[in-house]
Amino acid sequence: MPRGDKSSYTSKQKRQAEHIEEGYEKRGVSRREAAKRAWATVNKETGGGKKSGSGRGKKTNRSASRKGGKKAAASRSTRKRASSRSSTRRKSSTRKSASRSRSRKSSSGSRSRKSARR
């Protein structure tokens with residue numbers, strides 16, 4: 001069997017690799033690198049392609065997927081926090097400038113009233 005031949009993988013493993021590859025491509029990784037990473041992840045989780053002989057089944061180890069999911073979620077939340085911070089800053093600066101202009105108007109109005117009373 002030549003190197004890179006995927007015939008010994010189950011259909012489930014092939015689907016998993018395809019799904020993982022799509023996720024990497026969405027994040028901006030090149031197609032070739034995404035395929036490499038996807039198959040490396042499938043190999044780590046399932047122990048490679050199907051092998052002959054009874055009693056050779058192993059439980060799947062989802063640590064690689066879990067790690068990738070946590071990384072993606074962390075980057076999403078960081079981006080979300082950063083964008084909300086900048087919008088909050090914009091809002092507060094708008095509020096500050098509006099309150100300044102209001103205070104100027106009210107203070108100038110009160111001066112004219114005081115002078116009119118005298």
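Keep in mind that what you see is a predicted model, and the values were worked out from it rather than measured. (Residues numbered from 1 in each chain as written. Predicted model: local features only at pLDDT ≥ 70, side-chain atom pairs only at ≥ 80, totals over all residues. Heavy atoms only, no water.)

**Student:** Help me understand the overall build of the chain, please; the structure alone is not making it clear to me.
**Tutor:** A tally of regular secondary structure across the chain gives 3 helices and 0 strands. Helices and strands appear in the chain in the N-to-C order α-α-α. Expressed as a percentage of the 118 residues in the chain, the buried residues total 15%. Partitioning the contacts of the chain with sequence separation of at least 6, the portion at a separation of at least 24 is 45%. On the chain, roughly 9900 Å² of surface is accessible, and the fraction owed to carbon and sulfur atoms is 49%. (Helix = DSSP H or I, 4+ residues; strand = E, 2+ residues; numbered from the N terminus. Buried < 20%, exposed > 50% of the residue type's maximum accessible area, 1.4 Å probe, protein only. Contact = heavy atoms within 4.5 Å. Areas by Shrake-Rupley, 256 points an atom, 1.4 Å probe, with all protein chains shown as cover.)

**Student:** Would you mind showing me how to read the side chain of Ser8 here?
**Tutor:** Mapped onto the elements of the fold, Ser8 is located in the segment before helix 1 (11-26). In this structure Ser8 touches Met1, Gly49 and Lys50, once residues within four positions along its chain are discounted.

**Student:** How do you make sense of helix 1 when you look at a structure like this?
**Tutor:** An α-helix turns once every 3.6 residues. As a result, residues three or four positions apart point the same way. Given a rise of 1.5 Å per residue, 16 residues ought to cover 22 Å, and the 23 Å separating the end C-alpha atoms of helix 1 matches this to within 8%. All of the buried residues along helix 1 are Gln13, Gln16, Ala17, Ile20, Glu21 and Tyr24. Seen from one end, helix 1 has its buried residues packed into an arc of 135°, which puts them on one side. Those residues of helix 1 that are exposed and aimed more than 90 degrees away from the buried face are Ser11, Arg15, His19 and Lys26. The first or second residue beyond helix 1 is Gly28, which carries a positive phi of 100°. (Expected span 1.5 Å × (residues − 1). Arc of directions from axis to C-beta.)

**Student:** What am I meant to see in the nonpolar core here?
**Tutor:** Inside soluble globular proteins, nonpolar side chains tend to come together where they are buried. In terms of nonpolar packing, the biggest core is built from 9 residues, these being Tyr9, Ala17, Ile20, Tyr24, Val29, Ala34, Ala38, Trp39 and Val42. Of all the elements in the fold, those that place two or more residues in this core are helix 1 and helix 2 (31-46). The dominant element in this core, judged by the number of residues it contributes, is helix 2, at 4 residues. For Ala34, the residues in contact, after removing those within four places along its chain, are Glu21, Tyr24, Glu25 and Val29. (Core = buried A, V, L, I, M, F, W, Y, C linked by side-chain atoms within 4.5 Å.)

**Student:** Please clarify how the pattern of salt bridges should be interpreted in this entry.
**Tutor:** Opposite charge on two side chains makes pairing possible when the charged atoms of those side chains draw close. By the definition in use, this model includes 3 salt bridges. We note a salt bridge from Glu25 to Arg31, for which the minimum N-O separation is 3.4 Å. In this structure Glu25 comes out as partly exposed when scored by relative accessible area, which is 27%. Residue Arg31 is classed as exposed on the basis of its relative accessible area of 61%. When the shortest N-O distance is used, the salt bridge between Glu33 and Arg37 registers 3.2 Å. Here Glu33 and its partner Arg37 are both found in helix 2, 4 residues apart, which amounts to about one turn of the helix. Taking relative accessible area as the criterion, Arg37 reaches 35% and is therefore assigned partly exposed. (Salt bridge = Lys/Arg side-chain N within 4 Å of Asp/Glu carboxyl O.)

**Student:** I would appreciate a short explanation of the environment of Gly4 in the present structure.
**Tutor:** Within the secondary structure, Gly4 sits in the segment before helix 1. Linking Gly4 and Lys36, residues 32 residues apart in sequence, is a C-alpha distance of 10.0 Å.

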